[in-house]
Each structure stands twice: as structure tokens, then as C-alpha cells.
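This is what each chain is made of:
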Amino acid sequence: MRYDQIKLMNSHFFILTAPRSGSTVLTRTLDQHPEIFCAGELFHPGDEIYHPEWHFPFWGTKKKKGISRKLFAIANYINGYLFAGKHIKKFYAARELNKNVRGFKLMVAHIKDFPTVWNYMRQNRFKVIILTRRNTFKEALSSFRARQTGVFHSERHTEIMDQKVYVNAALLKNRVDE
């Protein structure tokens, strides 16, 4: 069956993944299907996400002096507990461009940060696409490179490959084990 002949029923899904696994490519590829609306990470605290119209409204995202990362995490754990389920419900109820199938990307870390999202997804038995990277060593190296260069997604792959990065062996081991 050809890509353009696939007829999908009202099926909602989410992509459960770890960083540096190819999930951005998968998300954007699925979103190109005429019947699928696939948003990026709804629960990413940054502003630069795919389909930002569905970005979860975090508390304290404007960089203010004195707000620590820990305080931000605690505040948004509470925010997620109170409002994340409603946000997901609204996301799946919406209809953009007459697309019947909807999904988004949920990072593994978001399960801990937003347990109400995970519970909602489990209770409603949404289809799940689990995306992993077979080589965790390469995933860890890719993560170090992205954090040090500030380039997380690039079409100019060779440009960032020439940049050297420092890798702490103990941190690398922890990341691979994680």
C-alpha cells in the first residue's frame, strides 16, 4: 500500500522516546501525512518547539533573576499536576486541517516531571510508538555534542561534526547507563 493510500481511523497516539533518538525526524515525517497531525514536545520548557500553538503553558519561563532551576521544576510539577491532563484532553479534542489522527512526542523524562500526563495516556489506552536508539553510546555522545555546541537539530550535519567537544568519562558512563 502506498503512503498516499493509507486510510487512518480516529486513532490517537504518542511517541515515547529518549533524547537524540531521531524523534524530531519521525514527528515531522508523520505530520506530513494528509490525515495525521503530529506535534512535537508539548511539555518542553523551551519556546522553540514544533507546533508551538500546543505548547504547555509553563510557569516561570521568562528568565527572572533569582528563579532557580529547582524552583522552576517544583512549580511546574504542580502546574502539570493541576493542568496537564486538561491540556492533553484539549489537544486530542481539537481538529486542525481535517486531520483525524493526532499525536505528540513525550520524552521519557516527562513521565517523571508530568505524571498526570502519563496517567492520562495509560488510562485512555492511546497507541504508543516507542522510539529508541540502539547504540546508547552514540546517543550519549550526540547529547554531549548538542549541549556543548548548542546545535540540537541541523541540516548542516558536517558543519557541527568538525567541532570538538569535551567529554567527561564519568558523565558519559552515567548517561549510557541511564
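Here the structure is a predicted model, which is why all the values come from computation and not from measurement. (Residues numbered from 1 in each chain as written. Predicted model: local features only at pLDDT ≥ 70, side-chain atom pairs only at ≥ 80, totals over all residues. Heavy atoms only, no water.)

Engineer: Tell me about the nonpolar core, residues and numbers included.
Structural biologist: Within the largest apolar cluster, 21 residues are counted, with the highest numbers of intra-cluster contacts made by F43, I88, F104, V117 and M121. For this core, the elements supplying multiple residues, two or more each, are β1 (12–17), β2 (36–41), α2 (69–93), β3 (101–107) and α4 (115–123). The leading source of residues in this core is α2, at four residues. Residues F13, L30, I36 and V101 belong to the second largest nonpolar core, which totals seven residues. (Core = buried A, V, L, I, M, F, W, Y, C linked by side-chain atoms within 4.5 Å. Buried < 20%, exposed > 50% of the residue type's maximum accessible area, 1.4 Å probe, protein only. Helix = DSSP H or I, 4+ residues; strand = E, 2+ residues; numbered from the N terminus.)

Engineer: Before we move on, could you go through the sheet that holds β2 and cite the residues and values that matter?
Structural biologist: The strand order β2-β3-β1-β4 describes an open sheet built from four strands, whose pairing is parallel. The two strands at the open ends of the sheet, each matched to only one other strand, are β2 and β4 (127–131). Going from strand to strand, the sheet's axes swing by 20° on average, the running direction of each strand aside. Pairing of β2 with β3, which is carried by four bridges, proceeds in the parallel orientation. (Pairing = 2+ DSSP bridges. Axes fitted to C-alpha atoms, helices over the stretch in contact; angles between N-to-C directions.)

Engineer: Mind laying out the pattern of salt bridges, listing which residues take part and the relevant values?
Structural biologist: Pairs may arise between side chains of opposite charge once their charged atoms sit close together. Tallying each qualifying case throughout the model produces one salt bridge. For E41, the salt bridge identified is with K105, shortest N-O distance 3.9 Å. Here E41, found in strand β2, pairs with K105, found in strand β3; they are 64 residues apart in sequence, far enough to count as distant. Comparing E41 with K105, the two get one shared label, buried. (Salt bridge = Lys/Arg side-chain N within 4 Å of Asp/Glu carboxyl O.)

Engineer: Lay out the packing of aromatic side chains with the relevant residues and their values.
Structural biologist: Counted under the stated rule, the structure contains 16 aromatic pairs. An angle of 45° between the planes, with centres 6.0 Å apart, marks the rings of F37 and F91 as tilted. Linking F37 in strand β2 with F91 in helix α2, this pair joins segments that are 54 residues apart in sequence. Here the two residues F37 and F91 agree in accessibility, since each one is buried. (Phe/Tyr/Trp six-rings, centres within 6.5 Å; stacked < 30°, edge-to-face > 60°.)

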